[in-house]
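# Summary of structural features
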Amino acid sequence: GLLVPFAILFGALVLLRGHDARPAVLSGVFDRVPILRPALAAWLVAMLIGFAVNDSGIAIPAVGIMLAVPILIVISTRSLEQEPAAAASNAAKGTKT
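What counts and what doesn't
- Residues numbered from 1 in each chain as written.
- Predicted model: local features only at pLDDT ≥ 70, side-chain atom pairs only at ≥ 80, totals over all residues.
- Heavy atoms only, no water.
- Helix = DSSP H or I, 4+ residues; strand = E, 2+ residues; numbered from the N terminus.
- Contact = heavy atoms within 4.5 Å.
- Areas by Shrake-Rupley, 256 points an atom, 1.4 Å probe, with all protein chains shown as cover.
- Core = buried A, V, L, I, M, F, W, Y, C linked by side-chain atoms within 4.5 Å.
- Buried < 20%, exposed > 50% of the residue type's maximum accessible area, 1.4 Å probe, protein only.
- pLDDT = per-residue confidence, 0-100.

Each helix and strand in the chain was counted, giving 4 helices and 0 strands. Restricting to contacts in the chain with at least 6 residues of sequence separation, those with at least 24 account for 43%. Counting only carbon and sulfur atoms, one obtains 74% of the accessible surface of the chain, whose full area is about 6,800 Å².

Below, the structure written as C-alpha cells:
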C-alpha cells in the first residue's frame, strides 16, 4: 500500500530525468531502443489507472511490476553485453563511441 506512490514517483523521475542525470545503463538502453521511453510511460499510466480503478488496490500494478522488472533487466543486460562488441567494432574502424 504505502510503497506504491513512492514506486510510481521513482518510475516517473527515471523517465523524466535529463540524459546526463540518468543511470548509464538506462541512457544506453534508451539510445538503442528509442521506443522504450514511450512504452515505459504508457506502462506507468496503465499502472496508475489500474491502481485507481481496481477495488483490490495493488493487484494490477503488482502484476504489471512482475512483468516489467524482468523485461527491463533483460533489456539492460543485453545492452551491457552489446557495449564491448560495439566498442571493439568501432575501435577496428577507428571511430569513437
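Turning our attention to the nonpolar core. By size, the foremost hydrophobic cluster in this structure holds 6 residues: Val14, Leu26, Val29, Phe30, Leu36 and Leu40. If one sorts the elements of this core by residue count, helix α2 (residues 24-32) sits on top with 3 residues. The contact partners of Val29, leaving out residues within four places of it in the chain, are Leu36, Ile75, Ser76 and Ser79.

Residue-level pLDDT values for the chain average 76, and 72% of them are 70 or greater. Helix α1 (residues 3-16) is the least confidently modelled element of the chain, averaging 72 in pLDDT, while helix α3 (residues 36-53) averages 87, the highest of any element.

Tracing the chain through its elements places Val14 in helix α1. In sequence terms Val14 and Leu26 are 12 residues apart; their C-alpha atoms lie 8.9 Å from each other.

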